[in-house]
There are 2 protein chains.
Amino acid sequence: MNILITGGAGFIGSHLCDALLKRDHHITVVDNLVLGRKENIAHLLSRNDFIFIEEDLLHEEAMKSIFRQGNFDMVYHLAANSDIQKGGKDPMVDYDLTFHTTFNVLQLMKEFGIKKFFFASTSAIYGETRDVLNEDYGPLKPVSNYGAGKLASEAFISAFSSTYKIQTWITRFPNVVGERFTHGVIYDFIHKLRKNPTELEVLGNGEQCKPYVYVKDLVEGILYVIDHSNDMYNVYMLGSDTRTEVKDIARMVIEEMALDAVIRYTGGDRGWIGDVPEFRYDLAKVNSLGWHAAHDSDDSVRLAIQKALGK
Amino acid sequence: MNILITGGAGFIGSHLCDALLKRDHHITVVDNLVLGRKENIAHLLSRNDFIFIEEDLLHEEAMKSIFRQGNFDMVYHLAANSDIQKGGKDPMVDYDLTFHTTFNVLQLMKEFGIKKFFFASTSAIYGETRDVLNEDYGPLKPVSNYGAGKLASEAFISAFSSTYKIQTWITRFPNVVGERFTHGVIYDFIHKLRKNPTELEVLGNGEQCKPYVYVKDLVEGILYVIDHSNDMYNVYMLGSDTRTEVKDIARMVIEEMALDAVIRYTGGDRGWIGDVPEFRYDLAKVNSLGWHAAHDSDDSVRLAIQKALGK
């Protein structure tokens, strides 16, 4: 297949490139390198089944030309803002990078008659609830512009899929960790401890409790869902039904760095405005397809810390 | 209160102007007159508690100047595309008129510190299901760009309400009928019969079955919900839990026009791509506030036909 991966130089996108190339597809990556990094795909640049194009999805004429030449069978759309805090300060970040990019890709798919689409969605579309989240859960009340940008994307994806007959797979991720990440709690803790090895400041009370999934497990899960589901519109929760508390992540980072740091909590039940302090995944639907993540949440966190430290 | 009504020259918006002016508010209407009509508010233009500004919500500088001078306490955002079929042909219609207008209004509210917001949402955010629709229903899978534009709007409204502390009321309408409507099934039937009084073509098999609500009942419902609910984020289904079949609407129009027309069905279970042939409202939440529409669905349709015929 001829596949376009938007955001393919990013954290999850670059792992998806690796996995799809193992399956003998031809890959074109479009990435504006705002969050993506060329070193994430450096090992792929010399392959003749891989093309990297540095371009912005909001440049409509350039994108039309890429679609005209690409003859794509399927688009994996991963380009998005992934920094929730940044989007809270300026709503245009999620409007442009998360939502507007999706809408432009959908318009291009409609124009060029491409009939298969994958979208990387998120637990953040649900907002704040103690209920266990499944694919049919409502209401959807995002508390961050990040979650809003993803839900707004899903809204138009649903309408385009139905109106223009585009077969669609959506997987909703929890926190994803592992090699090549660019931000997030593990990334922050390691950087803070490198600056000050004696004390670690943790935003909130440390009791935020969420599912974490190792990025390579997640990518296998994406491909498993696409291989094993074939409705016109396929939505799956993907991740882990186990969870890890932030204070345990702090302890694991200190332990793996072999430090003797004191943990200081800033207090309050969440790390920042738009943070969802606690959520829980119901994975019955993807489990019934036959998929389970190879690592549980704690193991994913531990593995990600070790990889980040070059172990 | 100083109130801004976007889309205030439109079908529902102009009735809302009438109702709010009876309550001694000062009203500013912004409408680009794409769907709105100046004659809908002609009777208000000489009042000194009413200002009409012909402007497009996508003109950011002009809108900033309106907000700077307006000193608004609350915004009722009704400006939107309301023609589902038009949006199916060109997704930019709902992107621009329905979604982008909402996002711009939210940004202006954030910038100018306005803390109360009303949004006119729709059953179309749910997509196609035979389940009874309530406020917490999921999944949300719109099948029209119109529904997508409204759901995408709700997504950012939720995030802005939570992040920037904007108290919000959302009511989700079914089909709304009555004086000043600009399109829809009753409008179409009357126009078709004026052209050809002997035959009425009905799109689909006539068995599409939906709740209809009379516009003045709906507007009273909006104000009732705002008066009687006070959470930070208030969502209510508003309309009727009774329904009317399209073939009965056809019969009523022919009867009220005193014609002897034959009805010809084009066949199929829906009128057009993006049409939801059947849905049903659970009004328990708004009923428990104490509100019920004065007219049921059949009476609303009959009344709207009579008003359209100048009876």
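**Observations regarding the pairing of strand 9 (residues 199-202) of chain A**
Within a regular strand, the side chains alternate between the two sheet faces. Residues and elements named next belong to chain A. Residues Leu 200 and Val 202 point to one face of strand 9 and are all buried, whereas Glu 199 and Glu 201, pointing to the other face, are not buried. Two strands pair when backbone bridges link them, and strand 9 and strand 14 (residues 262-265) are joined in this way by four bridges, in the parallel orientation. Looking at strand 14, one finds that Glu 199 is bridged to Val 262.

**A look at the interface of chain A and chain B**
Each side of the interface is counted separately: chain A has 31 residues, and chain B has 31 residues. Within the residue set of the side of chain A that touches chain B, elements represented by two or more residues are helix 4 (91-112), helix 5 (145-164) and strand 12 (233-237) of chain A. Across the side of chain A that touches chain B, the residue classes tally to 17 nonpolar, eleven polar and three charged.

**A look at the sheet that holds strand 2 (residues 26-31) of chain A**
All names here are of chain A. Here we have seven strands laid out as an open sheet, ordered 3-2-1-4-5-7-12, and parallel in their pairing. The open sheet has two free edges, formed respectively by strand 3 (50-54) and strand 12, since each of these has just one partner strand. Between one strand axis and the next, the sheet turns through 15 degrees on average, direction left out of account. Pairing of strand 1 (residues 2-6) with strand 4 (residues 74-77), which is carried by four bridges, proceeds in the parallel orientation. Counted as the bridge partner of Leu 4 is Val 75 from strand 4. The strands touched by helix 4 are strand 1, strand 4 and strand 5 (116-122); relative to strand 4, the strand with the most contacts, the crossing angle is about 175 degrees. Most of the contacts of helix 5 go to strand 5, to which it runs at about 155 degrees, and overall it touches strand 5, strand 7 (167-173) and strand 12.

**Some remarks on the domain arrangement of chain A**
Residues and elements named next belong to chain A. On domain assignment, one finds that chain A holds domain 1 (2-176 + 213-237) and domain 2 (179-211 + 241-279 + 295-308). Computed over C-alpha atoms, the centres of domain 1 and domain 2 are 26 Å apart. Between domain 1 and domain 2, the contact holds 22 residues from the first and 18 residues from the second. Elements represented by at least two residues in the side of domain 1 that touches domain 2 include exactly helix 1 (11-21), helix 3 (84-89), strand 11 (212-214) and helix 7 (215-228). The dominant element in the side of domain 1 that touches domain 2, judged by the number of residues it contributes, is helix 3, at three residues. Split into classes, the residues belonging to the side of domain 1 that touches domain 2 amount to ten nonpolar, eight polar and four charged.

**A short note on helix 10 (residues 297-308) of chain B**
Residue and element names in this part refer to chain B. Along its twelve residues, helix 10 runs 16 Å from first to last C-alpha, staying within 8% of the 16 Å computed at 1.5 Å per residue. For helix 10, every residue scored as buried is listed here: Ser 297, Ser 300, Val 301, Arg 302, Leu 303, Ala 304, Ile 305 and Ala 308. Contacts from the buried residues of helix 10 go to strand 8 (175-177), helix 6 (185-195), strand 11 (212-214), strand 13 (244-245) and helix 8 (246-256). Phi for Gly 310, located one or two positions after helix 10, is positive at around 75 degrees.

**Digging into the nonpolar core**
Counting 187 residues, the largest nonpolar core has Ile 186 and Leu 218 of chain A together with Ile 186 and Leu 218 of chain B as its most contacted members. In this view, Ile 186 of chain B contacts Val 177, Ile 249, Val 253, Val 301, Ala 304, Ile 305 and Ala 308 of chain B; residues no more than four positions away in its chain are not counted.

**Comments concerning the environment of Trp 291 of chain B**
Residue and element names in this part refer to chain B. Considering the arrangement of structural elements, one finds Trp 291 in the loop between helix 9 (284-289) and helix 10. Judged by the 20 C-beta atoms lying within 10 Å of it, Trp 291 is buried. For the pair Trp 291 and Ser 162, spaced 129 residues apart in sequence, the C-alpha separation works out to 27 Å. In contact with Trp 291, not counting residues within four places along its chain, are Gly 221, Tyr 224, Val 225 and Val 286.

**Quick word on the relation of the copies chain A and chain B**
Mapping chain A onto chain B leaves a residual RMSD of 0.0 Å; the transformation is a rotation of 180 degrees accompanied by 0.0 Å of translation along its axis. One copy is carried onto the other by what is essentially a two-fold rotation axis. Most of the interface of chain A is mirrored in chain B, where 100% of its interface residues again form contacts.

**Some points on unusual backbone geometry**
All names here are of chain A. Each neighbour pair has its own omega, and for Gly 138 with Pro 139 the value is 0 degrees, a cis peptide bond. Following the sequence through the fold, Pro 139 ends up in the loop between strand 6 (132-133) and helix 5. Not every positive phi belongs to a glycine, and Leu 33 is a case in point at roughly 60 degrees. Here Leu 33 lies in the loop between strand 2 and strand 3. The class for Leu 33 is partly exposed, based on 14 C-beta atoms found within 10 Å. Positive phi is not limited to glycine here, since Asn 71 has a value of about 50 degrees. Residue classification places Asn 71 among the exposed positions, given that 12 C-beta atoms sit within 10 Å.

**Here we look at the sheet that holds strand 5 (residues 116-122) of chain B**
Residue and element names in this part refer to chain B. Strand order across the open sheet formed by seven strands is 3-2-1-4-5-7-12, with parallel pairing between neighbours. The open sheet has two edge strands with one neighbour each: strand 3 (50-54) and strand 12 (233-237). For this sheet, the mean angle separating the axes of adjacent strands, direction not counted, is 15 degrees. Alignment of strand 4 (residues 74-77) against strand 5, held across three bridges, turns out to be parallel. Bridging across to strand 5, His 77 finds its partner in Phe 119.

**Observations concerning the packing of helix 4 (residues 91-112) of chain B against helix 5 (residues 145-164) of chain B**
All names here are of chain B. Relative to each other, helix 4 and helix 5 sit at 15 degrees, their axes nearing to 8 Å. Classified by the interaxial angle, the pair formed by helix 4 and helix 5 is roughly parallel. Two packed elements cross with a definite hand, and for helix 4 against helix 5 that hand is right-handed. Contacts between helix 4 and helix 5 involve Pro 91, Asp 94, Tyr 95, Thr 98, Phe 99, Thr 102, Phe 103, Leu 106 and Lys 110 on the former and, on the latter, Asn 145, Tyr 146, Ala 148, Gly 149, Lys 150, Ala 152, Ser 153, Phe 156, Ile 157, Phe 160 and Tyr 164. For the contact of helix 4 with helix 5, the per-class residue count stands at twelve nonpolar, five polar and three charged.

**Focus: the pairing of strand 5 of chain A**
All names here are of chain A. Extensive coverage of strand 5 is indicated by the burial of six of its seven residues. Pairing of strand 5 with strand 7, which is carried by seven bridges, proceeds in the parallel orientation. Each residue of the ladder has a partner; that of Phe 117, found in strand 7, is Thr 168.

**Side note on helix 2 (residues 60-70) of chain A**
Residues spaced three or four apart along an α-helix point in a common direction, a consequence of the helix completing one turn every 3.6 residues. All names here are of chain A. Within helix 2, burial applies to Met 63, Phe 67 and Gly 70. All buried residues of helix 2 project into a common sector of 70 degrees when viewed along the axis, lining one side. Projecting away from the buried face of helix 2 at angles above 90 degrees are the exposed residues Glu 61, Arg 68 and Gln 69. Next to the buried residues of helix 2 lie strand 1, strand 2 and helix 4. Just beyond helix 2, the residue with positive phi is Asn 71, at close to 50 degrees.

Analysis parameters
- Residues numbered from 1 in each chain as written.
- Chains lettered and ligands numbered in written order.
- Predicted model: local features only at pLDDT ≥ 70, side-chain atom pairs only at ≥ 80, totals over all residues.
- Buried ≥ 20, exposed ≤ 12 C-beta atoms within 10 Å, placed from the backbone.
- Helix = DSSP H or I, 4+ residues; strand = E, 2+ residues; numbered from the N terminus.
- Pairing = 2+ DSSP bridges.
- Contact = placed C-beta atoms within 7 Å.
- Nonpolar A, V, L, I, M, F, W, Y, C, P; charged D, E, K, R; others polar.
- Axes fitted to C-alpha atoms, helices over the stretch in contact; angles between N-to-C directions.
- Domains from an automatic or database assignment.
- Expected span 1.5 Å × (residues − 1).
- Core = buried A, V, L, I, M, F, W, Y, C linked by C-beta atoms within 7 Å.
- Least-squares fit on C-alpha atoms with pLDDT ≥ 70 in both.
- Parallel < 35°, antiparallel > 145°, perpendicular 65-115°, else oblique.
- Left-handed = near helix turned anticlockwise from the far one by under 90°.
- Arc of directions from axis to C-beta.

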